[in-house]
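Remarks on the overall topology
So the chains spell out like this:
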Amino acid sequence: MTQSEKSKTKKGLILVFTGHGKGKTTAAIGITMRAVGHGFKVCFIQFIKGSWKYGEMEAIARFPENIDFHVLGRGFTWKSDDLDKDREAARSAWEKAKEAIFSGRYQMVVLDEFTYLLSYDMIDREEVLRVLNDKPRDLHIVITGRDADPKLLELADLVTEMKAVKHPYKQGIKAQKGIEF
Ligand code: ATP
Ligand code: MG
């Protein structure tokens, strides 16, 4: 099959929400809700423990038939005290993601805050690219996180970079319920 024939029959997309502005995780949640509206089954994996806010947790828990969610990994990277443990947690989280991708149970798999696993060399980049390349044809994969790897952007079908123009933090406004958590 030629590349253009392949493109026409393509159904499942790879979407990346990156950049330093706010809205990456909320975009992933928005698209999850859109998919759920069509009765899709979605697996939502949050790669950094602690960044999963209770607002979205409560909301997603209302759709147990359609959304499986997992909070995996440690609070790794910048404040780590034990890099080996972080790496181990990242690897096992990645194993879980691969299982979800190839399980056939889902129409969409969300890998929230996944880009950090690559930027901190927690898992093998070539393997990630191979898995994304070999994903089931109809499966949508959504990836979020700052500073996405250029190879990941190349492979993706959709890339949106959130640009921080203004953020209330900069004016000393504290995190707001329903906005930040
Ligand atoms: P959200 O979860 O609100 O969609 P995000 O996924 O784009 O945000 P992350 O990089 O995952 O953002 O950062 C998580 C937290 O950091 C959020 O609470 C968010 O409001 C905050 N944040 C995001 N961008 C900025 C920024 N430019 N300045 C200050 N804080 C930010
Ligand atoms: Mg986020």
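On a predicted model such as this, the values are computed, not experimentally measured, just so you know. (Residues numbered from 1 in each chain as written. Chains lettered and ligands numbered in written order. Predicted model: local features only at pLDDT ≥ 70, side-chain atom pairs only at ≥ 80, totals over all residues. Heavy atoms only, no water.)

Points about the pairing of strand β2 (residues 42-46)
Among the five residues in β2, five count as buried, and that is most of the element. With burial as the criterion, each face of β2 is covered, one bearing V42, F44 and Q46 and the other bearing C43 and I45. Where β2 and strand β3 (residues 67-71) come together, five bridges link them in parallel fashion. What sits directly across from C43, in β3, is D68. (Buried < 20%, exposed > 50% of the residue type's maximum accessible area, 1.4 Å probe, protein only. Helix = DSSP H or I, 4+ residues; strand = E, 2+ residues; numbered from the N terminus. Pairing = 2+ DSSP bridges.)

Quick notes on the coordination of the magnesium ion (ligand 2)
Coordination of the magnesium ion (ligand 2) by the protein is provided by T25 (OG1) and E113 (OE), with metal-donor distances spanning 2.1 Å. With T25 in helix α2 (residues 24-37) and E113 in the loop between β4 (108-112) and α5 (115-119), this residue pair connects regions lying 88 residues apart in the sequence. A relative accessible area of 13% places E113 in the buried class. (Donors = N, O, S within 2.8 Å, 3.2 Å for Na, K, Ca; no water.)

Here's the deal with the side chain of T115
Examined against the element boundaries, T115 turns out to sit in helix α5. Those residues in contact with T115, other than ones at most four positions away along the chain, are I143, T144, G145, R146, A148 and L152. (Contact = heavy atoms within 4.5 Å.)

Side note on the site of ligand 1
Around ligand 1 sit 15 residues, and of these K22, G23, K24, T26 and E180 come closest. Side-chain polar atom of K24 to an oxygen atom of ligand 1: 2.8 Å apart, as the coordinates give it. At 2.4 Å, a side-chain N or O of E180 approaches an oxygen atom of ligand 1. Coverage of ligand 1 by the protein amounts to 83% of the 580 Å² it exposes when considered alone. For the shell around ligand 1, the class distribution of residues is two nonpolar, six polar and seven charged. (Near = heavy atom within 4 Å. Polar contact = N/O pair within 3.5 Å; in protein donor to acceptor, adjacent residues only side chain to side chain. Areas by Shrake-Rupley, 256 points an atom, 1.4 Å probe, with all protein chains shown as cover. Nonpolar A, V, L, I, M, F, W, Y, C, P; charged D, E, K, R; others polar.)

Some thoughts on the packing of aromatic side chains
To describe a pair of aromatic rings, you give the distance between the ring centres and the angle between the ring planes. All told, the structure shown has three aromatic pairs when counted by the stated rule. Arranged with centres 5.1 Å apart and planes meeting at 65°, the rings of F47 and F114 form a pair that is edge-to-face. Here the residue F47 occupies a position in the loop between β2 and α3 (54-60), and F114 occupies one in the loop between β4 and α5, the gap between them amounting to 67 residues. Per residue, the accessibility class of F47 equals that of F114, and both read buried. (Phe/Tyr/Trp six-rings, centres within 6.5 Å; stacked < 30°, edge-to-face > 60°.)

Description of the pattern of salt bridges
For the coordinates displayed, the defined rule picks out seven salt bridges. The closest approach of N and O atoms between E180 and K22, which form a salt bridge, is 3.6 Å. Linking E180 in the segment after β6 (158-162) with K22 in the loop between β1 (14-19) and α2, this pair joins segments that are 158 residues apart in sequence. For the salt bridge of K98 with E95, the shortest nitrogen-to-oxygen distance reads 3.0 Å. (Salt bridge = Lys/Arg side-chain N within 4 Å of Asp/Glu carboxyl O.)

Re the environment of K85
The residue K85 is located in helix α4 (residues 83-102) in this model. Residues K85 and K174 lie 89 residues apart in sequence; the distance between their C-alpha atoms is 32 Å.

Observations concerning α2
Since the α-helix advances by 3.6 residues per turn, residues separated by three or four positions end up pointing in the same direction. For α2, spanning 14 residues, the distance from its first C-alpha to its last is 20 Å, which sits close to the expected 20 Å at 1.5 Å a residue. The complete set of buried residues in α2 reads K24, T25, A28, I29, I31, T32, A35 and V36. End-on view of α2: buried residues confined to an arc of 165°, all on one side of the axis. Structural note: α2 exposes R34 and G37 on the side pointing more than 90 degrees away from its buried face. (Expected span 1.5 Å × (residues − 1). Arc of directions from axis to C-beta.)

Describing the sheet that holds β2
With parallel pairing, six strands are arranged side by side in an open sheet as β3-β2-β4-β5-β1-β6. On the outer flanks of this sheet lie β3 and β6, each paired with one strand and no other. Mean inter-strand twist for the sheet, computed between neighbouring axes without regard to direction, equals 10°. The strands that α4 touches are β2, β3, β4 and β5 (140-144); relative to β2, the one it contacts most, it runs at about 170°. (Axes fitted to C-alpha atoms, helices over the stretch in contact; angles between N-to-C directions.)

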